[in-house]
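Architecture and fold: a report
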Amino acid sequence: MTEFKDIATPARTKAILDKYQLAAKKSLGQNFIVDTNILEKIVSAGEIDDQTTVIEVGPGIGALTEQIAKKAKEVIAFEIDDRLLPVLADTLSPYPNVKIIHQDVLKADLKTFEEEYLKEAERVVVIANLPYYVTTPIILGFLESNLPIDSMVLMMQKEVANRLSARPSTKAYGSLSIAVQYYMDAEVAFIVPKTVFTPQPNVESAVIRLSRKSVPEVVVKDEKAFFQVARAAFVQRRKTLWNNLQSAYGKEPEIKEKLQRALDQAEIDPKRRGETLSLKEFGRLSDALVAEQLTVLK
Ligand code: SAM
């Protein structure tokens, strides 16, 4: 095994796994990339340069980390699996600009993380081949954290990528599309065949690119209320907005009156389905519900 060969080749990956007697842990979503072309495409979608600080989730044995480290100012990577720490110390030893944080990213205090690691950062990008079992909480955790993230390039299950980037009136459009597109423009960058992983996952994968909206598409009075109504509208997809809103906010005559007034105010037909509403319409509806002092009681 020479140190000069990329980690992401089938031969080098096998040699590393053999050397450390490691088997990929399914429960941690471990599917390692063994194709440098895919990694180059991911890195290039991140448009990183020597001014960019990259946050990575799940460096694994370092395949993607290595390719990022060659271009970025620094890479800070969260890895949950302690078995991988000595491996990463070995495989990434040629890259002094890599810092591994041994932590479950979902439990990380991102405020403290920001103070500790991002004070000097000029441009922050998240790049990751995500563990698929926690894709959504990881993305939402970063978005809701208010970290100064410019863009995110993320590999995930293709079906989830389609949901994140879905437009209104499509099957994939739902509260997740709204939660993400509230902050970011979302587009599927490319589809990834199973053959680039070891072990191969059961599902198809895609890389999505999320870029911070330069101007917010909607500005709402109360973000919590906005996400609440967006969730409520999709609880029963085949039902009308009117039905879903009553289920969420209440069926009492007084509540129904308020709901009707809010819908009128937002100029939204109660007979429409939630899946037809744009982000802006959800914003108008949310503000009208807040004006009527309607919140989901849960
Ligand atoms: N980046 C490597 C690659 O592309 O070959 C490995 C990607 S693998 C799909 C996902 C990685 O995320 C694994 O290394 C796994 O141990 C790690 N991981 C899983 N859950 C995690 C969590 N909650 N926090 C941090 N890392 C996690």
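Residues numbered from 1 in each chain as written. Predicted model: local features only at pLDDT ≥ 70, side-chain atom pairs only at ≥ 80, totals over all residues. Heavy atoms only, no water.

Here the focus is the site of the ligand. By nearness alone, 22 residues border the ligand, and Gln 30, Gly 58, Glu 79, Asp 104 and Asn 129 come closest of all. Contact distances for the ligand include 3.4 Å between a nitrogen atom and a backbone N or O atom of Pro 59. Contact distances for the ligand include 2.9 Å between an oxygen atom and a side-chain N or O atom of Asn 129. If the ligand stood free it would expose 590 Å²; the protein chains cover 99% of that surface. Looking at the shell around the ligand, the elements that each hand over two or more residues are strand S1 (32-33) and strand S3 (74-79). (Near = heavy atom within 4 Å. Polar contact = N/O pair within 3.5 Å; in protein donor to acceptor, adjacent residues only side chain to side chain. Areas by Shrake-Rupley, 256 points an atom, 1.4 Å probe, with all protein chains shown as cover. Helix = DSSP H or I, 4+ residues; strand = E, 2+ residues; numbered from the N terminus.)

Sheet architecture is open: seven strands sit in the order S4-S3-S2-S5-S6-S9-S7, paired in mixed fashion. The open sheet terminates on both sides in strands that have one partner only, identified here as strand S4 (98-102) and strand S7 (184-192). In this sheet, adjacent strand axes meet at a mean angle of 20° when their direction is disregarded. Bridge count for strand S2 (residues 52-57) against S3 is five bridges, and the pairing is parallel. If you follow Ile 55 over to S3, its bridge partner there is Ile 76. (Pairing = 2+ DSSP bridges. Axes fitted to C-alpha atoms, helices over the stretch in contact; angles between N-to-C directions.)

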